[in-house]
Amino acid sequence: GAVVSQHPSWVICKSGTSVKIECRSLDFQATTMFWYRQFPKQSLMLMATSNEGSKATYEQGVEKDKFLINHASLTLSTLTVTSAHPEDSSFYICSASLNRAWNIQYFGAGTRLSVL
Amino acid sequence: DAKTTQPPSMDCAEGRAANLPCNHSTISGNEYVYWYRQIHSQGPQYIIHGLKNNETNEMASLIITEDRKSSTLILPHATLRDTAVYYCIVRVRDNYGQNFVFGPGTRLSVLP
């Protein structure tokens, strides 16, 4: 199956700093990638849809100026958490879909962010 | 996308079949049933999907009722590594521009 790589797998940062998370489709091109957030013992919640070459679409309640998304190529999307605060500590997961039939989405391994 | 209902948790003895039910009574004709699982602290993993026929792959079997209002994911010989949260999702297949909506899923515990 297709592989989605996410980096870093975990990061610890101080409050007020910015953190960038990368999501790469390793063996396929993805015009659309998705960013999810998952708090402990909860399900995945969609944050935004990342579209190659255009602005991301954010879900209601997600601050676009705080969670900057860049999808500059067909294999890379980045999520930058700006001015991170302890409440931003969470598990961030990206996914990408093969642009053909079956529409299976493949997920990265996730990034655990801890803001001190 | 249609909503799904799954039991919050299930136990299964190692080596036995694990049967995970999912209710999707409002599914529409063009919506597929997808199953994913999430092992602790990892991203979701695709398992299987189907429309109306039963499906089988190297990981599992998917049984969909004739009226398509419910389905069952079967892990034929559960191992300890199958302990995970299993998500049943229904959505239109061809719209690759839309995300998957995850419910709470079923937490399967495979016991030795």
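Positions within a chain are numbered from 1, following the residues in the order the chain's sequence is written. Lettering for chains starts from A, numbering for ligands starts from 1, and both go in the order in which the items are written. Selection of residues for local features in this predicted model requires a pLDDT of at least 70, selection of side-chain atom pairs for listing and counting requires 80 or more, and totals for whole chains, interfaces and linings are taken over all residues. Heavy atoms throughout the structure, all of them, feed into the side-chain values; hydrogens and water do not.

A. Expanded view of the layout of surface pockets. Space inside the largest pocket adds up to approximately 500 Å³. As for the largest pocket, its lining consists of 21 residues, of which Gln38, Lys41 and Gln42 of chain A together with Val85 and Arg107 of chain B are closest to the centre. No other element matches strand S8 (residues 84-92) of chain B, which puts 3 residues into the lining of the largest pocket. Put simply, Ala, Val, Leu, Ile, Met, Phe, Trp, Tyr, Cys and Pro go in the nonpolar bin, Asp, Glu, Lys and Arg in the charged bin, and everything else, Gly too, in the polar bin. When the residues that make up the lining of the largest pocket are grouped by side-chain class, the tally is 10 nonpolar, 8 polar and 3 charged. Cavities and pockets are found on a 1 Å grid laid over the protein atoms alone: a cavity is a set of points where a 1.4 Å probe fits but cannot escape, a pocket is an open set with protein on both sides within 12 Å along at least five of seven lines, and a lining residue has an atom within 4 Å of such a point. Grid points are joined across faces, edges and corners, and a volume is the space filled by probe spheres set on the points. For helices the rule is a DSSP run of H or I covering at least 4 residues; for strands it is a run of E covering at least 2, with both sets numbered from the N terminus onward.

B. Inspection of the packing of aromatic side chains at higher detail. Any pair of Phe, Tyr and Trp rings, taking the six-membered ring for Trp, is counted once the centres come within 6.5 Å. Such a pair is stacked with planes under 30 degrees apart, edge-to-face with planes over 60 apart, and tilted for the rest. Under the counting rule described, the total for this entry stands at 12 aromatic pairs over all chains. Ring centres 5.0 Å apart and planes at 85° place the aromatic pair Tyr34 of chain B and Phe100 of chain B in the edge-to-face group. Here the residue Tyr34 of chain B occupies a position in strand S3 (residues 31-38), and Phe100 of chain B occupies one in the loop between S8 and strand S9 (106-111), the gap between them amounting to 66 residues. Each of the two residues, Tyr34 of chain B as well as Phe100 of chain B, counts as buried. A ring pair is formed by Tyr36 of chain B and Tyr46 of chain B, whose centres lie 5.8 Å apart and whose planes are at 70°; its orientation type is edge-to-face. Linking Tyr36 of chain B in strand S3 with Tyr46 of chain B in strand S4 (residues 45-50), this pair joins segments that are 10 residues apart in sequence. Each member of the pair, Tyr36 of chain B as well as Tyr46 of chain B, is classed as buried. Three or more aromatic residues joined by ring pairs make a cluster, and in this case those are Tyr36 and Phe107 of chain A together with Tyr32, Tyr34, Tyr36, Tyr46, Tyr87, Phe100 and Phe102 of chain B. Arg91 of chain B extends its terminal NZ or CZ atom over the ring of Phe100 of chain B, reaching a point 4.4 Å from the ring centre. In this scheme, a residue with accessible area under 20% of its type's maximum is buried, one over 50% is exposed, and one in between is partly exposed, where area comes from a 1.4 Å probe on protein chains only. The rule for a charge over a ring is simple: NZ of Lys or CZ of Arg within 6 Å of the ring centre, and within 35 degrees of the ring normal.

C. Structural context of the state of the cysteines. Throughout, a disulfide means two cysteine sulfur atoms within 2.5 Å of one another. Inspection of every chain in the model, using the stated rule, returns 2 disulfides over all chains. Here Cys23 of chain A pairs with Cys94 of chain A through a disulfide, and the sulfurs are 2.0 Å apart. Taking the torsion about the S-S bond as the criterion, the Cys23 of chain A to Cys94 of chain A disulfide, at about 85°, is right-handed. Of the two residues, Cys23 of chain A is situated in strand S3 (residues 19-25) and Cys94 of chain A in strand S9 (residues 90-97); the sequence distance between them amounts to 71 residues. Taking relative accessible area as the criterion, Cys23 of chain A reaches 0% and is therefore assigned buried. When its relative accessible area of 0% is taken as the criterion, Cys94 of chain A is described as buried. Here Cys12 of chain B stays unpaired: no disulfide links it, and the sulfur of Cys22 of chain B, its closest cysteine neighbor, is 18 Å away.

D. Region of the structure containing the pairing of S3 of chain A. All names here are of chain A. Here S3 shows one buried face, formed by Val19, Ile21, Cys23 and Ser25, and one open face, formed by Lys20, Glu22 and Arg24. Note: two strands are recorded as paired if DSSP finds a minimum of 2 bridges between them. The pairing of strand S1 (residues 4-7) with S3 spans 4 bridges and is antiparallel. Looking across to S3, one finds that Val4 is bridged to Ser25. In this structure, S3 lies alongside strand S8 (residues 76-81), joined through 6 bridges in antiparallel fashion. Looking at S8, one finds that Arg24 is bridged to Leu76.

E. Here's a closer look at the sheet that holds S3 of chain A. All names here are of chain A. Ordered in space as S1-S3-S8-S7, the 4 strands form an open sheet in which the pairing is antiparallel. Each edge of the sheet is formed by a strand with only one pairing partner; in this case those strands are S1 and strand S7 (67-73). Ignoring strand direction, the axes of neighbouring strands in this sheet form an average angle of 15°. When S7 meets S8, the two strands line up antiparallel, connected through 5 bridges. Paired with Ser73 across the strands is Leu76, a residue of S8. Orientation is described by lines fitted to C-alpha atoms, with helices fitted over the stretch in contact, and by angles between N-to-C directions that extend from 0 to 180 degrees.

F. Looking closely at the interface of chain B and chain A. Taken together, the contact pairs 24 residues of chain B with 22 residues of chain A. Once two parts are put together, the accessible area they lose, assessed with a 1.4 Å probe and summed over both, is termed the buried area. Taking both partners together, chain B and chain A bury about 1800 Å²; carbon and sulfur atoms supply 58% of that area. By definition here, a salt bridge exists when the distance from a side-chain nitrogen of Lys or Arg to a carboxyl oxygen of Asp or Glu is within 4 Å. Taken together, chain B and chain A are joined by 0 salt bridges. What qualifies as a polar contact is a pair of N or O atoms within 3.5 Å, subject to a donor-acceptor requirement within protein and to the restriction that residues adjacent in sequence count only when both atoms come from side chains. The interface formed by chain B and chain A holds 6 residue pairs in polar contact (both at pLDDT 80 or more) in total. Elements represented by at least two residues in the side of chain B that touches chain A include exactly S3, S4 and S8 of chain B. Among the elements that take part in the side of chain B that touches chain A, S3 of chain B stands out by supplying 4 residues, more than any other. For the side of chain B that touches chain A, the class distribution of residues is 11 nonpolar, 10 polar and 3 charged. Contacts: residue pairs with any heavy atoms within 4.5 Å of one another.

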